Amino acid sequence: MTPPPPPIGVFDSGVGGLTVAAAIRRILPGEDIFYVGDTARVPYGGKSRPTVERYSLEIARWLLEEKAKTIVVACNTASALAVPRLQSECPVPVQGVVAPGAAAAVASTRNGRVGVIGTRATIASGAYERSIRELDGGIRVHSVPCPLLVPLIEEGLFEDKITDMVLHRYLAPLLGSGIDTLVLGCTHYPLLRGAIARQAGPGVRLVDSAENCALAVRDLLQKRQLSAPPERTGTLRVALTDETEGFLRTAAQALALPVGQVSVRPLGAPGPQTQADKTFGL
Ligand code: DGL
């Protein structure tokens, strides 16, 4: 029997990166995915660059132990703060979400006014502004940090009055500035797509960094000749750094992802087959 092709390694601080995993499964159904959600340390969005770099490198090492052929940073915060470090220290290609999202925003805008929402760290890094302006220096970028959204999403409050109120507070100044394109610059936010679209209205296009990242992964694998044979059916394995029920609920209900048993490995534990490992499921 031929051994299975190596997996794509994907990580995020929590459940948000599953929006990227779901998009990869749709676009590349033959690929195996090994997903790590750093649920013990979510959220990343208020943390400093050295901390986010350290967390990202620890997870990258784990993904490399799993023989990942490429590492997908399915987190805008880690993409904005840690991708250069990961690229210089990892022996496999590293794909972040910021560059594909910025390119999609440039392709989408008609009036040259783009809004970006993300975590405090992503917005403070200026990563989207830089990437968008590198592609088109004439575009005006309006950015707003939205630190309350990730906790609401991790709690599964996708359709809720409180979430609508918080969104209104964050989006009102952006919408008032005449944007025609809004980048969901956090991989958690596609889970609020319905609520965001209602407030933004039909005149604003939403750019989903998850979908665009999955397309970039397809191109990267093709270019490096790393694609799995298209006729196979890929698998999804999920590992978390702490047990959380909300994660499984969101995977199953909001994303229809077939997450079965989830293994839990506190980071810093020596290897995947240790006493520290255990599994749980719905
Ligand atoms: N989903 C992540 C992002 O795209 C992380 C959010 C967080 O942990 O604060 O930024």
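Throughout what follows, the structure given in this document is the object of discussion. Model, not experiment: these values are computed from the prediction.

**Digging into the overall build of the protein chain**
Here is step 1: Regarding its fold elements, the protein chain presents 11 helices and 11 strands.
Here is step 2: Taken over the C-alpha trace, the protein chain has a radius of gyration of 18 Å; the compact-globule value for 282 residues is 19 Å, and the two agree within 12%.
Here is step 3: By principal-axis analysis of the C-alpha atoms, the protein chain measures approximately 55 × 40 × 40 Å.
Here is step 4: Counting only contacts in the protein chain whose residues sit at least 6 apart along the sequence, the fraction spanning at least 24 positions is 74%.
Here is step 5: By element, 53% of the accessible surface of the protein chain is carried by carbon and sulfur atoms, the whole surface being about 12,300 Å².
Here is step 6: For the protein chain, the centre of its 29 positive side-chain charges and the centre of its 26 negative side-chain charges are spaced 4 Å apart.

**Some points on the sheet that holds strand β8 (residues 205–208)**
Here is step 1: On the basis of which strands lie adjacent, the open sheet formed by 4 strands has the order β6-β5-β7-β8 and parallel pairing. Edge positions in the sheet fall to β6 (140–145) and β8, since each of these pairs with one other strand and no more. Strand-to-strand, the axes of this sheet are offset by a mean angle of 25°, without reference to chain direction.
Here is step 2: When strand β5 (residues 113–118) meets strand β7 (residues 181–184), the two strands line up parallel, connected through 4 bridges. Within the sheet, the bridge partner assigned to G115 lies in β7 and is L182.
Here is step 3: Against the sheet, helix α4 (residues 98–108) touches β5, β7 and β8, its axis set at about 160° to β8.
Here is step 4: Strand contacts of helix α6 (residues 127–135): β5, β6 and β7, with the helix running at about 165° to β6, the strand carrying the most contacts.

**A short note on the packing of aromatic side chains**
Here is step 1: By the definition in use, this model includes 3 aromatic pairs.
Here is step 2: Note on Y35 and F247: the rings are 6.1 Å apart at their centroids and 45° apart in plane angle, and the pair reads as tilted. In this pair, Y35 is assigned in strand β2 (residues 33–37) and F247 in helix α11 (residues 245–254), connecting sequence segments 212 residues apart. Here Y35 matches F247 in class, with each residue buried.
Here is step 3: Where Y44 meets Y55, the ring centres are 5.4 Å apart and the plane angle is 50°; that geometry is what we call tilted. Separated by 11 residues along the polypeptide, Y44 in the loop between β2 and α2 (49–65) and Y55 in helix α2 bring together distant segments of the chain.
Here is step 4: Note that R265 overlies the ring of W62, its terminal NZ or CZ placed 4.7 Å from the centroid.

**Structural notes on the environment of A214**
Here is step 1: Relative to the helices and strands, A214 is located in helix α10 (residues 209–223).
Here is step 2: In this structure the C-alpha to C-alpha distance between A214 and A21, which are 193 residues apart in sequence, comes to 7.9 Å.
Here is step 3: The residues contacting A214, other than those within four sequence positions of it, are A23, I24 and I27.

**A word on the site of the ligand**
Here is step 1: Near the ligand you find 14 residues, and of these S13, Y44, N76, T77 and H188 are the closest.
Here is step 2: Here an oxygen atom of the ligand sits 2.6 Å away from a polar atom, N or O, in the side chain of S13.
Here is step 3: Contact distances for the ligand include 2.7 Å between a nitrogen atom and a side-chain N or O atom of H188.
Here is step 4: Its free accessible area being 300 Å², the ligand has 99% of it covered by the protein chains.
Here is step 5: At a threshold of 2 Å from the grid points, most atoms of the ligand map onto the largest cavity.
Here is step 6: Counted by class, the shell around the ligand contains 6 nonpolar, 7 polar and 1 charged residues.

**With respect to α11**
Here is step 1: Listed as buried for α11 are G246, F247, L248, T250 and A251.
Here is step 2: The N-cap of α11, judged by a side-chain oxygen 3.3 Å from the amide nitrogen of F247 a few residues on, is T244.
Here is step 3: Positive phi shows up at A256, right after α11, with a value of about 50°.

**Considerations on empty space enclosed by the protein**
To find leftover empty space, one rolls a probe the size of a water molecule over the atoms.
Here is step 1: Counting across every chain of the model gives 1 cavity of 30 Å³ or more.
Here is step 2: Here the largest cavity is characterised by a volume of approximately 60 Å³.
Here is step 3: Every residue lining the largest cavity is counted, 14 residues in all, and those nearest its centre are S13, C75, T77, T119 and C186.

**A look at the pattern of salt bridges**
Here is step 1: One pass over the full model with this rule turns up 13 salt bridges.
Here is step 2: A salt bridge links R26 to E211; its shortest N-O distance comes to 2.6 Å. Taken together, the residues span a long stretch of sequence, with R26 in helix α1 (residues 18–27) and E211 in helix α10 at a distance of 185 residues.
Here is step 3: Salt-bridge contacts for R193 lead to D208; the nearest nitrogen and oxygen are separated by 3.6 Å. Here D208 lies in strand β8 and R193 lies in helix α9 (residues 193–200), a separation of 15 residues in the sequence.

Reading the values: the criteria
- Residues numbered from 1 in each chain as written.
- Predicted model: local features only at pLDDT ≥ 70, side-chain atom pairs only at ≥ 80, totals over all residues.
- Heavy atoms only, no water.
- Helix = DSSP H or I, 4+ residues; strand = E, 2+ residues; numbered from the N terminus.
- Rg over C-alpha atoms; globule rule 2.2 N^0.38 Å.
- Contact = heavy atoms within 4.5 Å.
- Areas by Shrake-Rupley, 256 points an atom, 1.4 Å probe, with all protein chains shown as cover.
- Lys, Arg positive; Asp, Glu negative; His and termini not counted.
- Charge placed at Lys NZ, Arg CZ, Asp CG, Glu CD.
- Pairing = 2+ DSSP bridges.
- Axes fitted to C-alpha atoms, helices over the stretch in contact; angles between N-to-C directions.
- Phe/Tyr/Trp six-rings, centres within 6.5 Å; stacked < 30°, edge-to-face > 60°.
- Buried < 20%, exposed > 50% of the residue type's maximum accessible area, 1.4 Å probe, protein only.
- Lys NZ or Arg CZ within 6 Å of the ring centre and 35° of its normal.
- Near = heavy atom within 4 Å.
- Polar contact = N/O pair within 3.5 Å; in protein donor to acceptor, adjacent residues only side chain to side chain.
- 1 Å grid on protein atoms, 1.4 Å probe; cavity = no way out; pocket = protein on both sides within 12 Å on 5 of 7 lines; lining within 4 Å.
- Sits in = over half its atoms within 2 Å of the grid points.
- Nonpolar A, V, L, I, M, F, W, Y, C, P; charged D, E, K, R; others polar.
- Points joined across faces, edges and corners; volume = space filled by probe spheres on them.
- Salt bridge = Lys/Arg side-chain N within 4 Å of Asp/Glu carboxyl O.

Everything listed is a geometric property; what it means functionally is a separate question.
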